[in-house]
Amino acid sequence: MSEYKGVMVYGEVTNGKLSAITTELLGCGRKLSDDLGQELCAVLVGSGISGLAQEAIAFGADKVYVIDDPLLKDYQTDSNVLVIEKLVKQVMPQILILGQTSIGRDLAPRLAFRLETAASMDCVELAIDPDSKLLLQTRPVYGGNARAIFTCESYPQIATVRAKTMAPLARDASRKGEVITIEAGLDPSVIRTKVVEKVSEEVAGIKLEEAGVVVTGGRGIGGAEGFKQLEELAKLLKGAIGATRPPCDNGWVPDGAQVGLTGKIVAPDLYIAVALSGSSQHMSGCSGSKNIIAINKDPEANIMKVARFGIVGDWKKVLPAFTEKVKELLGG
Amino acid sequence: MEGEIGIMNIIVCVKQVLDPEAPPASFKIDPSTNKVVPPPGMPPVVSTFDEYAVEAALRIKDAQGGKVTAISLGANLLRDVVKKPLSMGADELILLDDEAFAEGDSWATAYALAMAIKKIGEYDLILCGRQAADWDAGQTGSGIAEILGLPSVTVAKKIDIVDSKARVERVISDGYEVIEVSLPALITLSNEHAEPRYPTLKGIMAAKKKEPIVWKPADIGVDPSQIGAAGRRTKMVKLFQPVREGKCEIIEGESPEEAAVNLALKLKEVKIL
Ligand SMILES: Cc1cc2nc3c(=O)[nH]c(=O)nc-3n(C[C@H](O)[C@H](O)[C@H](O)COP(=O)(O)OP(=O)(O)OC[C@H]3O[C@@H](n4cnc5c(N)ncnc54)[C@H](O)[C@@H]3O)c2cc1C
Ligand SMILES: Nc1ncnc2c1ncn2[C@@H]1O[C@H](COP(=O)(O)O)[C@@H](O)[C@H]1O
């Protein structure tokens, strides 16, 4: 196994910029590679993305492999697995990390099976074992009720990382690194899927993942009408609306509002949880929030154990009065 | 495959798991065995997303005819639990039920399931849940596809069969993308798909009478060293419950409205507002 060396980060690009998860991965990868005394490289896959290589260096990479090809414009499983498989066989990294995103979720397992190694998904902690030098992969299991630490003795050790669990390095434009262009060399006939259309359902206003305040409603809100009241508070606090799964499944709010294990990961300064029980799967998406406030009629609800402040009561009575007072305090 | 596909053969992978909706306070780990203790009085269930996969299969069958075969892998599977796809309307149930299948990781499980699917032989579509509600791995579907050499689309919310291809709506963070994939293919389902149907009384009666087909490792031509705990590629070093620090301060008031006002004042006082 000794021929395998270094840490590789699979970078993602959104709207012409390195996505936040990529800078987080580079921060985490830098630490792992320093602990191993090895190099950190990044790989950027896409079309028209070569300009971002320098950016990956500014965030910590020693080397950046760029695979830029019109066939790679949209993420597709077959094409990405092929180009990364080829690159991994050439570079032979000990560790490969990706984001737990719609891309990483799809690519990491398929690639791991292709390379006859294994992946750990949705890790919240990665470290090098001082004795074995293996990657210790800590991930929540059982919906977040427990955590497990895994190791894998085949290389590369592959892991995906949950958003907002790793700290990026400060951007340093003076950092030096090497950019290497790799030919995709793809035969279009090997791609068995076709992206016909992309449909954006993004809600106007502040992006949920980036909001400093999130007002989240659960099943107890009871309908779309109730969410209008939550929206009023969110607007007042310049925040975004979130939801647990039932309001999304019931069509009270768009699916994109779901926070949790299989929804969005948020970590705002203020998370106001209204009429939701605080299931482990939901908390997986918001437990990084600085301050959680709960409004629930059940004093025994799990959310009351994890919140900083709570009110036991009917949200229909509590929320309007709260919104009114907040408006007054904010002087508006 | 050319032209229209008439009757579709659909295989759905369904896992029996501990009830993921059990209250967090009831969750316990036995540190001496590194295993989860099943919460008392909460029977296991079919994993959430797998019910959506069954629903997706049944919708295709309803639309154009087909055969839906459910397959579950485990040890000592509870018939009442794993028969749920039958009671929803699936035609056949195959169980890979043996101690040797227990405690596998995604690799060992995907391998055994893929070998069973090979033995079934005829399939146009294989459906899985996006992730199982116990270990939340989210890998088995992609693994089966890779082993069988099939294209895959993950985290789907809708599947339509058009001109012998599947048109899949795949959920992404800011909406969805429509992907066309050639068949046979493997697709994993998410809860954004239409809700699973409730079993009808007729379905429940039919499921009661139907005997599942049970396959042992030898029946699917796998060596016990490749499956279950023996076939793992990942080692679990430790399983633990994270400690929850923090104490909630309950804000009181004479009325809910007064409590609300007190909360706003408190948030101002501690400079959260
Ligand atoms: C594998 C898996 C992944 C999942 N992923 C996610 C995920 O990403 N995100 C997610 O949210 N869920 C997820 N779930 C679902 C999760 O398990 C729970 O079912 C869900 O979070 C429950 O939502 P809830 O708290 O709104 O509803 P409930 O648990 O039903 O809670 C409703 C709460 O509202 C309170 N209430 C009711 N009426 C009022 C009122 N008038 N005033 C005040 N309080 C009131 C009740 O006391 C109760 O506490 C997942 C489940 C599985 C198995
Ligand atoms: N033991 C099993 N029996 C049947 N299907 C399974 C089993 N394990 C996993 N699957 C399928 O693979 C999906 C993803 O599981 P996992 O990779 O374990 O998260 C599940 O939703 C099921 O569809």
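Residues numbered from 1 in each chain as written. Chains lettered and ligands numbered in written order. Predicted model: local features only at pLDDT ≥ 70, side-chain atom pairs only at ≥ 80, totals over all residues. Heavy atoms only, no water.

Caption draft 1: Layout of the sheet that holds strand β8 (residues 125-129) of chain B. Strands sit in the order β13(A)-β11(B)-β10(B)-β9(B)-β12(B)-β8(B)-β1(B)-β6(B)-β7(B)-β13(B) across an open sheet of 10 strands; the sheet is mixed. Two strands close off the open sheet at either side, each with one partner strand: β13 (193-200) of chain A together with β13 (213-215) of chain B. Mean inter-strand twist for the sheet, computed between neighbouring axes without regard to direction, equals 30°. Sheet topology places strand β7 (residues 92-97) of chain B next to β13 of chain B; 3 bridges connect them, and they run parallel. Across the sheet, Ile94 of chain B pairs through a bridge with Ile213 of chain B, a residue of β13 of chain B. Against the sheet, helix α4 (residues 106-120) of chain B touches β1 (8-13), β6 (66-74), β7, β8 and β13 of chain B, its axis set at about 145° to β6 of chain B. (Pairing = 2+ DSSP bridges. Helix = DSSP H or I, 4+ residues; strand = E, 2+ residues; numbered from the N terminus. Axes fitted to C-alpha atoms, helices over the stretch in contact; angles between N-to-C directions. Contact = heavy atoms within 4.5 Å.)

Caption draft 2: Geometry of the site of ligand 2. Residue and element names in this part refer to chain B. Taken together, 17 residues form the shell around ligand 2, and within it Cys13, Asp50, Ala132, Gly138 and Thr140 come nearest. At 2.7 Å from an oxygen atom of ligand 2 is found a main-chain nitrogen or oxygen belonging to Cys13. Backbone polar atom of Gly138 to an oxygen atom of ligand 2: 2.7 Å apart, as the coordinates give it. Against a free-state accessible area of 480 Å², the protein chains account for coverage of 97% of ligand 2. A total of 3 residues in the shell around ligand 2 trace back to one element, the largest contributor, which is β6. Of the residues in the shell around ligand 2, the class split is 8 nonpolar, 7 polar and 2 charged. (Near = heavy atom within 4 Å. Polar contact = N/O pair within 3.5 Å; in protein donor to acceptor, adjacent residues only side chain to side chain. Areas by Shrake-Rupley, 256 points an atom, 1.4 Å probe, with all protein chains shown as cover. Nonpolar A, V, L, I, M, F, W, Y, C, P; charged D, E, K, R; others polar.)

Caption draft 3: Spatial organisation of the sheet that holds strand β5 (residues 63-68) of chain A. Residue and element names in this part refer to chain A. Strand order in this open sheet of 7 strands is β7-β11-β6-β1-β4-β5-β12, and the pairing throughout is parallel. In the strand order of this sheet, the two ends are held by β7 (119-123) and β12 (178-181), each with one partner. Averaged over neighbouring strand pairs, the angle between their axes works out to 20° when direction is ignored. Sheet analysis places β7 next to strand β11 (residues 157-161), joined by 3 bridges and oriented parallel. Residue pairing across strands places Cys123 opposite Val161, the latter belonging to β11. Across the sheet, helix α1 (residues 20-36) is in contact with β1 (7-11), β4 (40-46), β6 (95-99) and β11; its angle to β1 comes to roughly 175°.

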